[in-house]
Amino acid sequence: MDRGWTWMIVLAMVLFLAGMAECGEGFQPSWQIGQTWTIEASFRRLADGSNAWTAPQRWRYEVKNRKEIDGVDCFVLHITPVDRPESKTQAILCLAVSDLRPVQVIDVAPGADGRATATTRRFDGERLTPLLSGESPIPYDLPLFPLAAETRTGETTAGGFTGEAAHRADGLTFVEGVHQSWQPNGDGFEVTLETSGPLGTIRQTWEPGRPWATRMVSDAVRCTLVDGQ
């Protein structure tokens, strides 16, 4: 994408978020070190053409600590399998304490020789982007927070923006267009992430007092928060 357009997108998003801040802080999950929750996820079997879903697998999320990365104060979130603790598949998310935007993600998976291999992704701080799990078997997709703010009349508004999910891995920069939108749903929000990646359009339900989306569905995955306040 042309760099001029990139800066225009970034500027529009910054002004959008600044406008929300004037009306209120908006919604985002509240985390503390030591907090844990569990997600149950199933994936559609697209490779074998059966169109069936995998057996549900549970993942444990734990806010391990806080660490400064690239000058950003981050929560360090570890995600490990509950059903197969011996599995080498896990993820470490380093997310900005201020707004949970991705700063660094480490995906760990067994390699061809059975040994654990790690892939590190670092995110461009100039591109305010949602976090997409891509081809990872761990459903850690996150929208860009805050989702919305109350107006001066006390009403909660819908919103949305179009931007880029950009990260660096193995010396290369990968950019994926994404459109995020949300609608108020009672006390919470229905969030839609339209991507061109393997998960397609992602829909999530976020509720106050919950650390993660209570529900997530797409053509390729469906998830439920089964434990966590």
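Residues numbered from 1 in each chain as written. Predicted model: local features only at pLDDT ≥ 70, side-chain atom pairs only at ≥ 80, totals over all residues. Heavy atoms only, no water.

Looking at the confidence of the model for the protein
Across the protein, the average pLDDT comes to 80, with 73% of residues at or above 70. The low-confidence segment residues 1-24 (pLDDT under 50) makes 33 contacts with residues lying over four places distant or belonging to another chain. Taken as a whole, residues 151-156 scores under 50 in pLDDT and shows eleven contacts with residues more than four places along the chain or in a different chain. (pLDDT = per-residue confidence, 0-100. Contact = heavy atoms within 4.5 Å.)

Regarding the side chain of Arg121
Its place among the elements puts Arg121 in strand β6 (residues 116-123). With relative accessibility at 10%, the residue Arg121 sits in the buried group. Side chain to side chain, Arg121 and Tyr140 meet in a polar contact 2.7 Å long. (Helix = DSSP H or I, 4+ residues; strand = E, 2+ residues; numbered from the N terminus. Buried < 20%, exposed > 50% of the residue type's maximum accessible area, 1.4 Å probe, protein only. Polar contact = N/O pair within 3.5 Å; in protein donor to acceptor, adjacent residues only side chain to side chain.)

Thoughts on the state of the cysteines
Enumeration according to the criterion identifies zero disulfides in this entry. The structure places no disulfide on Cys94, whose sulfur is separated from the nearest cysteine sulfur, that of Cys74, by 5.8 Å. What makes Cys94 buried here is its relative accessible area of 4%. (Disulfide = S-S within 2.5 Å.)

Observations concerning the environment of Ser87
With respect to the helices and strands, the residue Ser87 is situated in the loop between β3 (72-81) and β4 (90-96). It is 9.3 Å that separates the C-alpha atoms of Ser87 and Ala116, two residues lying 29 residues apart in sequence. Engagement of the side chain of Ser87 in a polar contact is seen with the backbone nitrogen of Thr89, the distance being 3.1 Å.

Notes on the layout of surface pockets
Of the pockets and cavities examined, the second largest pocket occupies roughly 370 Å³. For the second largest pocket, the lining is made up of 19 residues, of which Ser42, Phe43, Thr54, Ser136 and Pro137 are closest to its centre. The set of elements that each furnish at least two residues to the lining of the second largest pocket consists of β1 (36-43) and β2 (57-69). With three residues, β1 is the single largest residue contributor to the lining of the second largest pocket. A class-by-class count of the residues in the lining of the second largest pocket yields nine nonpolar, six polar and four charged. (1 Å grid on protein atoms, 1.4 Å probe; cavity = no way out; pocket = protein on both sides within 12 Å on 5 of 7 lines; lining within 4 Å. Points joined across faces, edges and corners; volume = space filled by probe spheres on them. Nonpolar A, V, L, I, M, F, W, Y, C, P; charged D, E, K, R; others polar.)

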